[in-house]
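The residues making up each chain are set out below.
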Amino acid sequence: MKPPALTSAFSVPEHVRPLREAVHRFLTERVEPVEHALDVRSPESRELLAELQSQAKKEGLWALGHPAEIGGGGMPFLDYVYVNEIQGRSDFGQYALGTWTLQDSLMLSRHAEGEVRDRFLDPLVRGAIGPSFAMTEPDVASSDPTQLETSARLEDGEWVLNGRKWFITGAGDAAFTTVLCRTEPDDTPPHRAFSLIVVPTDTPGYRIVRETPVLGIEGGHYELSLTDVRVPAGHLLGERGAGFAIAQERLGPGRIFHCMRWLGQAQRAFELMCDRLNSRTLKGEKLGGRQLMQQHVFESWAQIQSCRLLTLDAASRIDRGHDARVEIGAIKVVGARMLHDVIDRAVQVHGAAGLTDDTPLSRMYRAARFGRIYDGADEVHVVNVGRRLLREFERGNGWDFGA
């Protein structure tokens, strides 16, 4: 008789396994084999993506993490985290499965009213339109968002926006851009001085300045110019001055999702590395028989497993209603480093082949470098986590690692 499987506190729940396995099959059998075609911007690639999306909908794999009341799959947060890990194996997984809109769909469902909600929320969940979120600016150190210069003033029942934004993912195909901008007087406390305003991308004065390829990847990152852009007052999300609070509500779980997708990418790179070590020979011996190659396997496994446990711990804390700022900041840094290191070793093991597009590693390696900058540069998270931990000790609380 086969012994019972061992479980840990963070084993994949049994009720999640069938859906997780279905997502794994969809990624490995349908998405990964056509990545090269999806990476080329053409009518053919759009048709291919649309077909994958149609298949995902038919098979009950569409928008799994979106709440059921807005038309999604309704998976609980922590259950969806385990699925998101698999989805992350490919950069195109979230587009094929309709989850790239999750953060913005949640934001609109919680804070949008009237025309904005009616016009954008349902099409967003269905994948009929795409969103974009404009926070960073080219002339401002955006790691300190209180210095952002884009402004909006209320005039005759309309918000009038002026400013410049950049590194805005998806703006080229988006139906709207949610803009973080200053709406309050100069003497307002910094974190109450900014608001979020939804701007349809066909609004006069909204202009895409350029797309900015990043490390040779045309990843859909754009620079925007806003010149006397006018939208109705009802396009404000939440209350005036609540922009930072809503943005953090959007970014916190989003960092969990980023880290889980990074784990999926790293696990895929690990698989490629191990397959290469077991199939490549050197002087009649498998490459995996070399001790230095075995060290690559060890270091990669240890990093993936350590990061995975940290990430699931952070997710479980959020699920239980904890603030988890320390844990989220830590996994953002640790996860980005882990992803880079694991892919780097996989490239090394593949030698010259790892530098070419014969494997997905070249693109994965370049994309991994983004992780140390977007959603807050590593340095900012390191400082914030260190400061929070020291503050707890200063207050006499210490830090309970088992809490």
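Described below are features of the structure shown in this document. Residue indices begin from 1 for each chain and proceed along its sequence in written order. pLDDT decides what is reported in this predicted model: residues at 70 or higher carry local features, side-chain atom pairs at 80 or more are listed and counted, and totals for whole chains, interfaces and linings draw on all residues regardless. Note: side-chain values were computed over all heavy atoms of the structure, leaving out hydrogens and water.

Once that is clear, we can look at the overall build of the protein. In this text, helices come from DSSP runs of H or I with a minimum length of four residues, and strands from runs of E with a minimum of two, each type numbered from the N-terminal end. Looking only at helices and strands, one finds 13 helices and ten strands in the protein. Based on C-alpha atoms, the radius of gyration is set beside the globule rule, defined as 2.2 Å times the residue count to the power 0.38. Against the globule reference of 22 Å for 403 residues, the protein gives a C-alpha radius of gyration of 22 Å, in line with a compact fold. Taking the principal axes of the C-alpha coordinates as reference, the protein spans close to 80 × 60 × 45 Å. For every residue, the accessible area (1.4 Å probe, protein chains only) is compared with the maximum for its type, and the residue is labelled buried under 20%, exposed over 50%, or partly exposed between those bounds. Within the protein, buried positions represent 49% of all 403 residues. Pairs of residues are marked as contacts when any of their non-hydrogen atoms sit within 4.5 Å. Partitioning the contacts of the protein with sequence separation of at least 6, the portion at a separation of at least 24 is 72%. Per-residue and other accessible areas were derived by the Shrake-Rupley procedure at a 1.4 Å probe size, with only the shown protein chains allowed to occlude residues. Accessible area for the protein stands at about 19,700 Å²; split by element, carbon and sulfur atoms hold 52% of it.

A positive phi angle, close to 50 degrees, is found at Asp156, a residue other than glycine. Take Asp156: it is sitting in the loop between β2 (151-155) and β3 (158-169). On the basis of relative accessibility, which here comes to 73%, the residue Asp156 falls in the exposed class. Unusually for a residue other than glycine, Ala324 sits at a positive phi of about 60 degrees. By secondary structure assignment, the location of Ala324 is in the loop between α9 (291-319) and α10 (325-350).

Note on placement: Asn384 falls in helix α13 (residues 378-394). Distance from Asn384 to Pro43, taken between C-alpha atoms, is 45 Å for residues 341 residues apart in sequence.

We now examine the packing of α10 against α13. Contact geometry for α10 and α13: axes closest at 9 Å, N-to-C directions at 145 degrees. Relative to α13, α10 is oriented so that their crossing is left-handed. Facing α10, whose interface residues are Arg325, Val326, Gly329, Ala330, Lys332, Val333, Ala336 and Arg337, α13 presents Asp378, His381, Val382, Val385, Arg388 and Leu389. The angle between two axes is taken between their N-to-C directions and runs from 0 to 180 degrees, where each axis is a line fitted to C-alpha atoms and a helix contributes only its stretch in contact. In this scheme the crossing of two helices becomes right-handed for a clockwise turn of the near helix relative to the far one and left-handed for an anticlockwise turn of less than a right angle.

Further remarks concern the pairing of strand β7 (residues 221-232). By the convention used here, strands pair only if DSSP detects at least 2 bridges between them. Here nine bridges tie β3 to β7, and the two strands are oriented antiparallel to one another. Looking at β7, one finds that Lys165 is bridged to Leu224. The sheet contact formed by strand β6 (residues 206-211) and β7 spans five bridges and is antiparallel. Bridged to Arg210 within β7 is Glu223.

With that settled, the discussion passes to the nonpolar core. For soluble globular proteins, nonpolar side chains are generally found buried alongside one another. Val23, Phe26, Val31, Val81, Ile256 and Ile343 are the most contacted members of the largest nonpolar core, which totals 60 residues. Breaking this core down by element, the ones donating at least two residues are α1 (17-31), α3 (43-58), α4 (77-87), α6 (102-111), α8 (243-279), α9, α10 and α12 (361-368). In terms of residue count, α8 provides more of this core than any other element does, twelve residues in total. Not counting residues up to four positions away in its chain, the partners in contact with Val31 are Phe26, Leu38, Leu52, Ser90, Phe92, Gly93 and Ala96. Nonpolar core, defined: a set of buried Ala, Val, Leu, Ile, Met, Phe, Trp, Tyr and Cys residues in which side-chain atoms within 4.5 Å join the residues together. The next biggest cluster of nonpolar side chains, apart from the first, holds 25 residues, and it includes Ala112, Phe120, Ala175 and Val198.

Bringing the packing of aromatic side chains into the picture now. Within 6.5 Å between ring centres, the rings of Phe, Tyr and Trp (the latter by its six-membered ring) count as paired, and their orientation is classed by plane angle as stacked under 30 degrees, edge-to-face over 60, tilted in between. Scanning all chains against the criterion turns up six aromatic pairs. Look at Tyr95 and Trp100: their rings are 5.5 Å apart centre to centre, the planes differ by 40 degrees, and that puts the pair in the tilted class. For Tyr95, a relative accessible area of 29% translates into the label partly exposed. Both rings, one in Phe120 and one in Phe176, keep their centres 4.8 Å apart while their planes meet at 45 degrees; by these two values the pair is tilted.

Right, let's get into the packing of α4 against α8. One way to put it is that α4 packs onto α8 with a least axis distance of 6 Å and a crossing angle of 40 degrees. With respect to the hand of their crossing, α4 and α8 are arranged in right-handed fashion. Mapping the contact onto sequence places Phe77, Tyr80, Val81, Asn84, Glu85 and Gln87 in α4 and Pro253, Ile256, Phe257, Met260, Arg261, Leu263, Gly264 and Gln267 in α8. Residues that form the contact of α4 with α8 fall into these classes: eight nonpolar, four polar and two charged. Residues were grouped as follows: Ala, Val, Leu, Ile, Met, Phe, Trp, Tyr, Cys and Pro as nonpolar; Asp, Glu, Lys and Arg as charged; and all remaining residues, including Gly, as polar.

This brings us to α1. With 15 residues, α1 ought to run about 21 Å at 1.5 Å a step, and its terminal C-alpha atoms sit 20 Å apart, in line with that. Buried within α1 are the following residues: Arg20, Ala22, Val23, Phe26, Leu27 and Val31. Angularly, the buried residues of α1 cover 160 degrees about the axis, an arc narrow enough to put them on a single face. When the buried face of α1 is taken as reference, the exposed residues oriented beyond 90 degrees from it are Pro18 and Glu29. On its buried face, α1 is in contact with α2 (35-38), α3, α4, α5 (93-96) and α9. In this scheme, a helix's expected span is set at 1.5 Å multiplied by one less than its residue total. Think of the arc as the fan of directions from the helix axis to the C-beta atoms.

Salt bridges are identified by distance alone: a Lys or Arg side-chain nitrogen within 4 Å of an Asp or Glu carboxyl oxygen. Per the counting criterion, the structure on display carries 31 salt bridges. Ionic pairing is found between Glu158 and Arg230, a salt bridge with its closest N-O pair at 3.0 Å. Of this pair, Glu158 sits in strand β3 while Arg230 is found in strand β7, placing the two residues 72 residues apart along the sequence. On the basis of relative accessibility, which here comes to 34%, the residue Arg230 falls in the partly exposed class. Salt bridges linked by common partners bring Glu32, Glu35, Arg89, Arg268 and Glu271 together as one network.

By themselves, these are just geometric observations and shouldn't be taken as functional.
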